[in-house]
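Summary of the model geometry
Read off the chains here:
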Amino acid sequence: MSYITQTNYPGVFHLEHFIFLAIVILLIALGLILNFKVVKQDKTRELILKISGIVLLIMIIANRFSIVLVNRIVFENKSYSWINLIPNTFCGFTSLFLGLTIVIGKKDNPFLNACYPVAFIGGLLSTIYPDYLDHQMFFDPRTITGLIHHAIDIWIVIYALAIKYINPSFKKLPYFFLYITSTMTFGVFLMDALGFSSAMQIGKPLISSLPIFTSWYMVGFMLTCLYVGFLFLYPIIMKKLKKA
């Protein structure tokens, strides 16, 4: 308890954070190498992906419980209740959505194509720059579970692309836009109907020191640009890899 309530927050880019990043990079690289060197059957590869989805669901659920319990019990913040188990951020909601689409859905399904760009970009940004380290200790359960579920987002998307479980194309771009608009609508519902003070970065930027550049409209615009750029480059990269 005393560790969690400390106020000498480490901030981003400190020793523990760098070690975590190194471990994530090492595990993803090792996983990809073992996949292509050892695992040969598509069914086994898909099973690995399904298991990854289950682990992601466990971690996002653990993250939501830790947020509610730590704030309510440790910090005695009675404004937190069981309703706060519902993810109210793009990253949290997308991790839950991605996990469900991997575990329940089929290969290259529309729901997966809708959310994987947000899962990867959000997971990457939140793993590299976890701004909550400015007000949480590194080994706080909220921090650890948050870092892990973001890292699993990255792994799942990279692995799904590597085994061709996802086949990117411009034809699937509308799924992405539908996901963004639906998620924002859900955020408005959380605020208006369930009384959340903030949701999906509506009225609350990702990084408080950069209110304009990290507000929901700029985040949505940057996500769209990055995804469109990826869709443009993907077939070019794949052609070069086949020739190599």
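In the block above lies the structure referred to throughout.
Numbers given to residues run from 1 along each chain, matching the order in which its sequence is written. Local features in this predicted model are restricted to residues of pLDDT 70 or higher, and side-chain atom pairs are both shown and tallied only at a pLDDT of 80 or more, whereas totals for entire chains, interfaces and linings draw on every residue. Excluded from the side-chain calculation are hydrogens and water; included are all heavy atoms of the structure.

Buried together is how nonpolar side chains tend to be arranged in soluble globular proteins. Residues grouped as a nonpolar core are buried Ala, Val, Leu, Ile, Met, Phe, Trp, Tyr and Cys residues, joined through side-chain atoms within 4.5 Å. Relative accessibility under 20% of the residue-type maximum defines a buried residue, over 50% an exposed one, and the middle range a partly exposed one, all with a 1.4 Å probe and only protein chains included. Leu49, Leu98, Ile156 and Met200 are the most contacted members of the largest nonpolar core, which totals 48 residues. By definition, any uninterrupted DSSP run of H or I lasting at least four residues is a helix, any uninterrupted run of E lasting at least two residues is a strand, and each is numbered from the N terminus. The set of elements that each furnish at least two residues to this core consists of helix H1 (15-37), helix H2 (42-74), helix H3 (90-104), helix H4 (110-128), helix H5 (141-162), helix H6 (173-192) and helix H7 (216-243). It is H5 that provides the largest number of residues to this core, a total of ten residues. Those residues within four positions of Leu49 in sequence are excluded, and the remaining contacts are Ile102, Ile156, Tyr159, Ala160, Ile163 and Tyr165. Residue contacts follow a heavy-atom distance rule, with two residues in contact if any of their heavy atoms lie within 4.5 Å.

For a helix, the expected span equals 1.5 Å multiplied by the residue count minus one. Taking 1.5 Å per residue as the helical rise, H2 with its 33 residues ought to reach 48 Å, and the 46 Å between its terminal C-alpha atoms agrees with that figure. The first or second residue beyond H2 is Glu76, which carries a positive phi of 55°.

Before going further, it helps to examine unusual backbone geometry. You will see that Glu76, though not glycine, has its phi angle at about 55°, which is positive. Tracing the backbone shows Glu76 in the loop between H2 and H3. On the basis of relative accessible area, Glu76 is assigned to the exposed category, the value being 61%. Positive phi outside glycine occurs at Lys164, with the angle close to 60°. Inspection of the secondary structure assignment puts Lys164 in the loop between H5 and H6. By relative accessible area, which is 39% here, Lys164 ends up partly exposed.

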